Amino acid sequence: MKKIFTKHNTSSTVTINNRKILPDAVLKIDAITDDIIRIHTISKKNDYEDYSFAIEQPLENNTVFSIKENGSIITASTGSLTIRIKQSLQLDIYSADGTLICSDYQAYDEDKPTLSKAEADQLAKEGHTVDTSVSSFKYKITKKIIDDEAFYGLGDKTGFLNKRGYDYIMWNSDNPEPHVENPIFRALYKSIPFFIVHRSDCVYGIFVDNTYKSFFDFGCSNPESYSFTITNGELNYYFIYGRSIKEVINNYTFLTGRSPLPQIWTLGYHQSRWSYSSEAEVMEIAQNFEKYNIPCDAIHLDIDYMDNFKVFTNNNNTFPDLKGLSKKLKKLGIKLVTIIDPGVKAEDGYHMYDEGINNKYFAKTTDNMVYHNTVWPGDAVFPSFTSAKVRSWWAGKTDFLVKYGIRGIWNDMNEPASFNGPLPDDVVFSGDNRNYFHEEVHNVYGHLMAKATYKGLKQNDGKRPFVITRACYSGSQKYTTAWTGDNQSIWSHLKLAIPQLLNLGMSGMPFVGTDIGGFGSNATPELLSRWIEACCFSPLFRNHSAKMTRRQEPWTFDRQTISIYRKYVKLHYKFIPYIYDLCYEESLTGLPILRPLIMEYEDDINVINCNDEYLVGNSILVAPITEQGAVVRSVYLPVGTWIDYHTGHRIKGGRYILCEAPIDICPIFIRGGSILPTYPDINNLDKKSTKKLIIEFYPEEQFDNSCYYLHYQDNGIDFAYKNGEYNLYKFSFSPKRPNGLKISMVKNGYPATYNSITAVIK
Ligand code: MIG
């Protein structure tokens, strides 16, 4: 018998050759850590280069497999996992205690197209959108759905927290249609091919690090299995184990990186509009925040501040003096953030175009002509962000904005989007060692643009870069924050915002937000009120709206709406020290700021599908109203004592309660035993306002055990903290002295400490 199943083993890699199943490739299984296993192919024909856009540090294989062979089955074990590799190349993965965690599934007929060509043509004639793109693929991995498994993650796809029963596409898309829960185009702006599988006896994650278009099906076409399908490139996925959802996220961000600490002001309130169209208008907006006593830290300038939408220019009629404007705003404590698109106007004499052409920085067609498409500036060309040289060039250009005092860059249209649909698959982007076709790098274009922008702000400004992006990939959290793109001022999008933000957080992106009030269509006073309430702890806290919609600044609404808006913006500012502490925790662990209840209460089956509540860290539970007209809602409180933030009532959890929520109330509950650092009433996050701290303590009904909390403080601006310039305070309360706050310093490296720290017992 001809031997078709051969293997070559080193201590941390099992290499398998099965010419029948993989005629042109070998399968490699690498032990990355005890909890992380990489499963990938290496094609024989291709000049294979093992690389990742998401994982940038070398993965040292310090972990060794212990390998056994039993007939045709190879067993490879790490300290926490055992992988049984069958001759069919199917894998069964067990935990150390022998639980079968994950098992490849023998697909039967699910690859048959559900529609015949004739049927598809007929449907298309009637005007239906028929998506047949999954019909050809390179690798498809199908795994068994075991018991009550729930699926989380995948970035900000539409739909619900738990993705079971749905299918999605990874292909960064600027789809102008309103995002609905289960669209025919199951893609949005971002591709984060990471998901978490959770069931009562175990949890794990899978990160499919392949940048081509890919498909994810969580029991949609077959309720017994889930699958991921890639259309080109190598099969390359990581099995990520953990003893909890938190450990899985921790392991995933060990691979793809964590968000560094932000400048503290970026956690404040941002006001945006497409577009504020003159310096006078911007000043008026800034003054209105003062007039209406609503805190604000940033105003965003959308595309009209540019000269004919040419990036890294300003319009000399409407914004002749950006530097002067940012100076004037600085006096009011407000910073400017400007939008930048990737498309460069094709116009001779325009420096970006000329330099890019001369240096061959733009994408090309297969016959070596510069590729053109239409975006905001009209005829435009696209930088090859795949090349380090091009990224450095772009990074250098950010100096134009930095020298005008611009404090953050908002990257848009970087899917890349065009006015003529997606770019053709074969547009060529040059890289450092080779060229890439668009189909390979489409999903990382926004990621690489963010990386260039981060580099630019870091080198030109020296502060912690503030970048916002619409499109991204796994690992973008190292460079940028993100917003969820063009939502609408409709109730279903307010509802959608919660699972979107939570799934982004579980996908390694902690610093995220939605356009508060909705981007497209007209916000009603009630919707705006409920939106500012629902998102009052959103790390990226920005109101933005589109041209042709009613104005959305709070003072363009009635008095009641203004006062609700003020109340929740102030609430956000009050808790910024807590949110910043969560940023610190995140920078070390990858754990998100906004968390689904399942992350903190994994054994509670009531929270598996909880779409309409969230936790901020582990201490604050928010249960917003997202229904038009509703003034009461049911709230699930997990086990423990919860303190109603508005009334101070102590409520026993582990049950549903009915909570009254008139228009100015967003139900918020504090977990008994929480200690929360807060600011007094402030109007922005300049240095002076962050000098006082008020510690709120919410004891349990029975205060029997001491409680403590670690609080992080640094200058909130630059990288001095990396040299140890930060403080870590330990705040504690003990039942012996129930009213006495004890403060100790765990780390004392930042000299400009608080002027006062006081305590309030709730
Ligand atoms: O084609 O710059 O998502 O936030 O206001 C529209 C104008 C382009 C899309 C962004 C939106 C922004 C708008 N942009």
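Points about the overall build of the chain
For step 1, the next point in the chain: For the chain, the helix and strand inventory stands at 14 helices and 45 strands.
For step 2, the next point in the chain: Computed over the C-alpha atoms, the radius of gyration of the chain is 26 Å, within 12% of the 27 Å expected from 2.2 N^0.38 for a compact globule of 762 residues.
For step 3, the next point in the chain: If one aligns the C-alpha atoms of the chain with their principal axes, the spans along those axes are about 85 × 70 × 55 Å.
For step 4, the next point in the chain: In the chain, which comprises 762 residues, the proportion classed as buried is 61%.
For step 5, the next point in the chain: Summed over its atoms, the accessible surface of the chain is roughly 28800 Å², and 50% of this surface lies on carbon and sulfur atoms.
For step 6, the next point in the chain: Treating the 82 positive side-chain charges of the chain as one cloud and the 87 negative ones as another, the clouds have centres 5 Å apart.

Section: the packing of aromatic side chains
For step 1, the next point in the chain: What the rule picks out here adds up to 55 aromatic pairs.
For step 2, the next point in the chain: For the pair F228 and Y237, a centre-to-centre distance of 4.9 Å together with 70° between the ring planes defines the contact as edge-to-face.
For step 3, the next point in the chain: Site record: aromatic cluster; members linked through ring pairs are F312, Y353, Y361, F362, F385, W393, W394, F429 and Y445.
For step 4, the next point in the chain: Its guanidinium or amino end placed over the ring of W483, R542 lies 5.2 Å from that ring's centre, counting from NZ or CZ.
For step 5, the next point in the chain: The cationic tip of K730 hangs over the ring face of Y708; the distance from NZ or CZ to the ring centre is 4.5 Å.

Here's the deal with the site of the ligand
For step 1, the next point in the chain: Taken together, 13 residues sit near the ligand, with D302, D412, R470, D486 and H544 positioned nearest.
For step 2, the next point in the chain: Side-chain polar atom of W376 to an oxygen atom of the ligand: 3.2 Å apart, as the coordinates give it.
For step 3, the next point in the chain: Contact with the protein chains removes 94% of the 360 Å² of surface that the ligand exposes when unbound.
For step 4, the next point in the chain: Class assignment for the residues of the shell around the ligand results in eight nonpolar, one polar and four charged.

Things to note about the environment of K463
For step 1, the next point in the chain: Here K463 shows up in the loop between α9 (445-461) and β27 (467-469).
For step 2, the next point in the chain: The spacing of K463 and D718 is 255 residues in sequence and 4.4 Å in space, taken between C-alpha atoms.
For step 3, the next point in the chain: The contacts of K463, once residues within four sequence positions are left out, are Q263, R407, L457, K458, I717, D718 and F719.

Quick word on the domain arrangement of the chain
For step 1, the next point in the chain: Taken domain by domain, the chain consists of domain 1 (10-103), domain 2 (117-256), domain 3 (264-341 + 390-416 + 444-585), domain 4 (595-665) and domain 5 (674-761).
For step 2, the next point in the chain: Measuring from the centre of the C-alpha atoms in domain 4 to the corresponding centre in domain 5 gives 26 Å.
For step 3, the next point in the chain: Taken together, the contact between domain 4 and domain 5 spans six residues of the former and six residues of the latter.
For step 4, the next point in the chain: When domain 4 packs against domain 5, the two sides together hide about 590 Å² of surface, and 53% of this comes from carbon and sulfur.
For step 5, the next point in the chain: Summed over the three residues of domain 4 that lose the most area to domain 5, namely S619, T641 and R650, the buried surface amounts to 64% of that side.
For step 6, the next point in the chain: Taken together, the residues that form the side of domain 4 that touches domain 5 break down as three nonpolar, two polar and one charged.

A word on the pattern of salt bridges
For step 1, the next point in the chain: The final tally for this structure, using the stated rule, is 37 salt bridges.
For step 2, the next point in the chain: For D174, the salt bridge identified is with R470, shortest N-O distance 3.3 Å. A residue pair is termed long-range when its members are at least 10 positions apart, and D174 in the loop between β12 (167-170) and β13 (194-199) and R470 in the loop between β27 and β28 (481-483) qualify at 296 residues.
For step 3, the next point in the chain: Judged by its relative accessible area of 29%, D174 is partly exposed.
For step 4, the next point in the chain: By relative accessible area, R470 is classed as buried at 2%.
For step 5, the next point in the chain: A salt bridge links K335 to D297, with the shortest nitrogen-to-oxygen separation between them at 2.7 Å. One end of the pair, K335, is in strand β20 (residues 335-340); the other, D297, is in the loop between α3 (279-291) and β19 (298-301), with 38 residues separating them in the sequence.
For step 6, the next point in the chain: What makes D297 buried here is its relative accessible area of 0%.
For step 7, the next point in the chain: Each of D174, D412, E415, R470 and D486 takes part in salt bridges that share partners, so that together they form one network.

Some words on unusual backbone geometry
For step 1, the next point in the chain: Backbone torsion omega between W274 and S275 reads 0°, so that peptide bond is classified as cis.
For step 2, the next point in the chain: With respect to the helices and strands, S275 occurs in the loop between β18 (269-271) and α3.
For step 3, the next point in the chain: That bond from E415 to P416 is cis: its omega, -5°, falls within 30 degrees of zero.
For step 4, the next point in the chain: As for its placement among the helices and strands, P416 is situated in the loop between β24 (406-411) and β25 (428-430).
For step 5, the next point in the chain: Even without a glycine there, the phi angle at L89 is positive, about 70°.
For step 6, the next point in the chain: Positionally, L89 belongs in the loop between β7 (81-85) and β8 (91-95).

Brief notes about the sheet that holds strand β37 (residues 650-652)
For step 1, the next point in the chain: The six strands are arranged β32-β33-β34-β39-β36-β37 in an open sheet whose pairing can be described as antiparallel. Looking at the sheet topology across the chains shown, the edges are occupied by β32 (594-595) and β37.
For step 2, the next point in the chain: Of the strand pairs in this sheet, strand β36 (residues 641-644) and β37 are connected by three bridges, and their pairing is antiparallel. Its bridge partner being in β37, I643 is matched across the sheet by R650.

Topic: the sheet that holds strand β41 (residues 692-698)
For step 1, the next point in the chain: Spatial ordering of the open sheet is given by β40-β41-β45, a layout of three strands whose pairing is mixed. Lying at the two open borders of the sheet, with one neighbouring strand each, are β40 (674-678) and β45 (756-761). Averaged over all pairs of adjacent strands, the angle between strand axes in this sheet comes to 20°, irrespective of strand direction.
For step 2, the next point in the chain: Of the pairings in the sheet, the one linking β40 to β41 comprises five bridges and is antiparallel in character. Residue T678 lies in a different strand from β41, and its bridge partner there is I694.
For step 3, the next point in the chain: The strands that helix α13 (residues 576-589) touches are β40 and β41; relative to β40, the one it contacts most, it runs at about 110°.

Regarding helix α4 (residues 322-331)
Since one α-helical turn is 3.6 residues long, residues separated by three or four positions face the same way.
For step 1, the next point in the chain: Burial in α4 covers these residues: L322, G324, L325, S326 and L329.
For step 2, the next point in the chain: Residues of α4 that are buried sit in contact with α3, β19 and β20.
For step 3, the next point in the chain: Once α4 finishes, G333 follows within two positions and takes phi at roughly 80°, a positive value.

Considerations on the nonpolar core
For step 1, the next point in the chain: One finds W394, F537, V616, I620 and I668 to be the most contacted residues of the largest nonpolar core, which totals 189 residues.
For step 2, the next point in the chain: When sequence neighbours within four positions are dropped, the list of residues in contact with V616 reads F537, Y578, L582, I593, L594 and V622.
For step 3, the next point in the chain: The next biggest cluster of nonpolar side chains, apart from the first, holds 43 residues, and it includes L91, F228, Y237 and F239.

Brief notes about the side chain of S95
For step 1, the next point in the chain: Turning to its location among the elements, S95 is positioned in strand β8.
For step 2, the next point in the chain: For S95, the side chain forms a polar contact with the side chain of D97, separated by 2.6 Å.
For step 3, the next point in the chain: Setting aside residues no more than four positions away along its own chain, S95 makes contact with S80, I101 and Y241.

The rules we used
- Residues numbered from 1 in each chain as written.
- Predicted model: local features only at pLDDT ≥ 70, side-chain atom pairs only at ≥ 80, totals over all residues.
- Heavy atoms only, no water.
- Helix = DSSP H or I, 4+ residues; strand = E, 2+ residues; numbered from the N terminus.
- Rg over C-alpha atoms; globule rule 2.2 N^0.38 Å.
- Buried < 20%, exposed > 50% of the residue type's maximum accessible area, 1.4 Å probe, protein only.
- Areas by Shrake-Rupley, 256 points an atom, 1.4 Å probe, with all protein chains shown as cover.
- Lys, Arg positive; Asp, Glu negative; His and termini not counted.
- Charge placed at Lys NZ, Arg CZ, Asp CG, Glu CD.
- Phe/Tyr/Trp six-rings, centres within 6.5 Å; stacked < 30°, edge-to-face > 60°.
- Lys NZ or Arg CZ within 6 Å of the ring centre and 35° of its normal.
- Near = heavy atom within 4 Å.
- Polar contact = N/O pair within 3.5 Å; in protein donor to acceptor, adjacent residues only side chain to side chain.
- Nonpolar A, V, L, I, M, F, W, Y, C, P; charged D, E, K, R; others polar.
- Contact = heavy atoms within 4.5 Å.
- Domains from an automatic or database assignment.
- Buried area = accessible area lost by both parts, 1.4 Å probe.
- Salt bridge = Lys/Arg side-chain N within 4 Å of Asp/Glu carboxyl O.
- Pairing = 2+ DSSP bridges.
- Axes fitted to C-alpha atoms, helices over the stretch in contact; angles between N-to-C directions.
- Core = buried A, V, L, I, M, F, W, Y, C linked by side-chain atoms within 4.5 Å.

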